Amino acid sequence: MRQYRGVVRLSLAVALVAVTAMAVQGKESHQWTKQQRALTQEYVAEEMPPGFQVVIAEVEGPVFADASGKTLYIWPVTALRNGNAGELKGRPTCDATPTKVTTGLQSPYPGGLELPEVSTRPSCVQVWPPVLADASAKPVGKWTILDGPGGRKQWAYDGQALYTSVLDKKRGDNWGQSNNNPGGDSSGASREPAGPPPNIPPQFAVKSYKNGRLLTLADTKSIYVYDKDAPNKSNCTGACLEKFTPVLAPENVLPQGAWSIIERSSGVKQWAYRKQPVYTYNLEDKTPSFEGGDEPGWRNVFTQLAPAFPKGFQITDTNAGQVLADAKGRTIYLYNCNDDATDQLDCSHPSQPQAYRLALCGKGDWKRCQETFPYLLAANDEKSESQIWSIKYINAASGRWVEPGDPGALRVWAYRDRPVYLCGRDRNPGDFDCDGWGEFSAGRNGWKAFWIRDVYGRNGI
Amino acid sequence: MAKHTSLKLSAALVGAGLVFAHSALADEALQNGKIGYVLTNKNWAIYQTPDGKAECPNGLNDGPREQFDKLYPRDQKHNVADSWLEREGEVWLPDPVSAKPGLSFYEAQGKIAIGLDLDGKNKPGDFVSPDGAVSGIDNRIYKVFGCVANYRGPDGSYRHFVESYMQKDNYNRLMMEFSDVDNLVNDPDVTVTLYRGRDDLLLDAAGKFIAGGTQRVDTQWGREFIKTTHGKIVDGVLTTVPMDITYPESLARGAPKQFVRDWRVQLRVSTDGAEGLMGGYLDIARLHNNLGQNWGTHYRSYGQESISDEYRAMLRNADAYPDKDGKNAFISSGWEIKFKQVFIINPNPAVAQVSPRDDAAVTEKARR
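Criteria and cut-off values
- Residues numbered from 1 in each chain as written.
- Chains lettered and ligands numbered in written order.
- Predicted model: local features only at pLDDT ≥ 70, side-chain atom pairs only at ≥ 80, totals over all residues.
- Helix = DSSP H or I, 4+ residues; strand = E, 2+ residues; numbered from the N terminus.
- Rg over C-alpha atoms; globule rule 2.2 N^0.38 Å.
- Buried ≥ 20, exposed ≤ 12 C-beta atoms within 10 Å, placed from the backbone.
- Contact = placed C-beta atoms within 7 Å.
- Pairing = 2+ DSSP bridges.
- pLDDT = per-residue confidence, 0-100.
- Core = buried A, V, L, I, M, F, W, Y, C linked by C-beta atoms within 7 Å.
- Axes fitted to C-alpha atoms, helices over the stretch in contact; angles between N-to-C directions.
- Parallel < 35°, antiparallel > 145°, perpendicular 65-115°, else oblique.
- Left-handed = near helix turned anticlockwise from the far one by under 90°.
- Nonpolar A, V, L, I, M, F, W, Y, C, P; charged D, E, K, R; others polar.

K.L.:
Is there a simple way to think about the overall build of chain A in this case?
P.N.:
Broken down by element type, chain A carries 6 helices and 29 strands. Relative to the globule expectation of 23 Å for 461 residues, the C-alpha radius of gyration of chain A, 23 Å, shows essentially globular dimensions. Taking all 461 residues of chain A together, 48% fall into the buried category. Put simply, of all contacts in chain A between residues at least 6 apart along the chain, 61% involve residues at least 24 apart.

Structure, rendered in structure tokens:
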């Protein structure tokens, strides 16, 4: 909540009461119960080859994993400014030859520039080990076997070659790259976790957000439920329908999984999810959005909620929506980085080249970086209660993860195994002056605020 | 012939109907002493001669691509850290005084500029209006942007996109509401309140902005943009009393805001819209940050815009509000702006009457 000063008039006080009420209303994600947070996204259980499994990741939901629990990733083709990068279906290209120079796929800088730390730069397969198929492996359903570079036999799902990430260490890690990356043609061609389809009727879709996996219509309108409805019974009638529209079910459809069908009136059927009738919001402007959740008694629907944010963290109102902030109300930032090589390697992790980050926050000077984008320090009594959030030790001079006893080690908060940052320019709760600091509005190399609700952008993706 | 007469009569009737409808709209636009406007176009006020030689005798400035090629010739080998990242570091953390050897930046020349007299003084460095009628114009940002292709009409990249992004991005939906209006031609005192709107702009079938749309006030996220001043209308021209404001500023990306001291407008107003000039002193640090947040180097390359050079030029031309070290931290600025009439719907007038972040100016001052 913002700190207001100079309250001298009764009218202002009255207004502030109204403002406070609105702001609190938006903080839905702190009101979920433990039971609600424990629910996970149902998925379609497809036939899989032996040795593979589905793991429920905290934010990504159900993902494919190998026998050891390591998340499987795909690298779909992405159109960049000066051409495409990624892999076509059936055509794995990630190989063992380290890339030395840039491609020039991202303007305005030309290709042919030597990449940072080139002498030790890993190859694509060193960062993204292919999921190999042994000689006895047989295709099953959507799982096929492709011929990859170097004569390797590689598993694919739905035609897309599968990889693991060297950054993932244990079951449920998906630190390689995320479905929640900035995305778009302004960032790199990133990898994403592969997973089974969600168990939802064809009218619906699921989109990954920082606060969970949001249920939408296939046309991206958000889905809402109403607190005044009873299990499998809608109480939204009359004036209620001026703002919300029931999502009707086709006449001949059958219930599936958590989805049931209720009859609103004779011959008019409505979908219900987890026994709650579902609706869309008539005044929704950009889709999907969280706007309908501002109406009293209404809330968005998540097939799976993200873990609760660390204790003391708060959701803060800004002039463009809501961001995650630390206990002092300071906006938290995430660093994004993707290089311009043919293999499009990530550069946002402490184990990866730091030249990109250091150039933008300090022109190469790590001390200056601690003024412009200091790490968010973790107090000694703070601890993480989830997998996606962690507390680690970092050496600010090198930017690398270190052991607790390392000289100069800072105890910092991390999200997806990457440190999170504050902005040296922010002064007040709700400031987000460093959002978009970097290349291509920080989609490729730079910092974005930890958006929970980005009303004027893409709602936190 | 009879058919043609009939057609003419029909056309006349339709025309009369349109006139009536327009007149009715005009009456409706000003209701209970209130009329609303929504911003549809905003450009830096750039004075241009036909061939540009008077104000830019050295031609237009180099942009990121041209500068990169000068510093790092393509027939030589370079690495990312020393070339690409050196350039990007300079974008965000520019040297306040010197550019790299071999690069140059040309400020706009001459005594003529478009803009407003912000301080009521005619002092060295001030400009004269193109028609010579107004002297003492404060628009030093013109010296910075005047020879940057991005901002020059008619086909500067920024100018090309500005209306498109006005439509696409409602973050910067700036609105003005006049209240206590007795007469839209002459009125000695009207109240002018700024809001951010939430809705799309109204377009005709050809994609042009038209009057008569509706906009909801953003009382949920846009409270800090709500600010009230007064003004007077003389012969159809509104002039407002200066005040400090923050306003939402964005193009395609990001959600930055500008902080303007002594902000005011001078607009020819009608029931269809308002058009004229906006002026004030811009916070240079914030402006520099916003330029980078709005458009990445890729986009600025099309407009041959180097913001690190612009930042240095802003500091050289800063003319107001010194920081704690005594150096001017603000620069006089002018914009050409257009509004269309709109019906403003305020869902929560109690919030709109005050600005909880009225202390924005105090906050900004505290930074310095």
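K.L.:
Got a minute to help me understand the pairing of strand S1 (residues 35–44) of chain B in this structure?
P.N.:
Regular strands have side chains that alternate between both faces of the sheet. Residues and elements named next belong to chain B. Extensive coverage of S1 is indicated by the burial of 7 of its 10 residues. Across 4 bridges, the pairing between S1 and strand S2 (residues 174–179) is antiparallel. When the sheet's bridge partners are listed, isoleucine 35 is paired in S2 with phenylalanine 178. Bridge analysis of S1 against strand S11 (residues 328–345) gives 8 bridges, and the strand direction is antiparallel. Its bridge partner lying in S11, lysine 42 is registered against isoleucine 337.

K.L.:
Would you explain the confidence of the model for chain A in this entry?
P.N.:
Low pLDDT means the predicted coordinates in that region are not meant to be read closely. For chain A, the average pLDDT comes to 90, and 91% of its residues sit at 70 or higher. Confidence drops under pLDDT 50 across residues 1–30 of chain A; counting only partners more than four residues distant or on other chains, this segment forms 43 contacts.

K.L.:
Would you take a moment to explain unusual backbone geometry for this structure?
P.N.:
Backbone phi values are negative for most residues with the exception of glycine, while trans is the configuration of most peptide bonds. The peptide bond linking Ser107(A) to Pro108(A) adopts the cis configuration, its omega dihedral lying at 5°. For the bond from Gly153(B) to Pro154(B), the omega torsion is 0°, close enough to zero to count as cis. You can see Pro154(B) is positioned in the loop between helix H4 (141–145) and helix H5 (157–168). With phi around 50°, Arg274(A) is a residue other than glycine that occupies positive phi space. In this fold, Arg274(A) is placed in the loop between strand S15 (268–273) and strand S16 (276–277). Of note in the backbone geometry, Tyr321(B) takes a positive phi value of approximately 50° without being a glycine.

K.L.:
Mind showing me how you'd approach the confidence of the model for chain B here?
P.N.:
Residues and elements named next belong to chain B. Residues at a pLDDT of 70 or more form 86% of chain B, whose mean pLDDT is 89. Counting contacts from residues 1–9, a segment whose pLDDT is below 50, to residues more than four positions away or on other chains yields 0 contacts. Counting interchain partners and residues more than four positions distant, the pLDDT-below-50 stretch residues 354–368 has 28 contacts. As a predicted assembly, this complex carries a pTM of 0.91 together with an ipTM value of 0.89.

K.L.:
Before we go on, may I ask you to explain the nonpolar core in this structure?
P.N.:
Generally speaking, a soluble globular protein has its nonpolar side chains buried in company with each other. Among the nonpolar cores identified, the biggest contains 178 residues, and Leu72(A), Leu162(A), Val278(A), Tyr333(A), Trp447(A), Met175(B) and Ile284(B) are the most heavily contacted of them. If you tally residues by element for this core, the top one is S11(B), at 8 residues. Setting aside residues up to four positions removed in sequence, Met175(B) forms contacts with Gly36(B), Tyr37(B), Val38(B), Leu194(B), Tyr195(B), Arg196(B), Gly197(B), Gln215(B), Val342(B) and Ile344(B).

K.L.:
Explain the packing of helix H6 (residues 284–294) of chain B against helix H8 (residues 307–317) of chain B to me, please; I cannot follow it from the model alone.
P.N.:
In a packed pair of helices, the relevant descriptors are the angle between the two axes and the axis-to-axis distance. Residue and element names in this part refer to chain B. Two numbers describe how H6 lies on H8: the axes approach to 10 Å, and their chain directions differ by 165°. With respect to H8, the axis of H6 lies roughly antiparallel. The handedness of the crossing between H6 and H8 comes out as right-handed. On H8, the residues that touch Ile284, Leu287, His288, Leu291 and Gly292 of H6 are Ile307, Tyr311, Met314 and Leu315. Of the residues assigned to the contact of H6 with H8, the class counts are 7 nonpolar, 2 polar and no charged.

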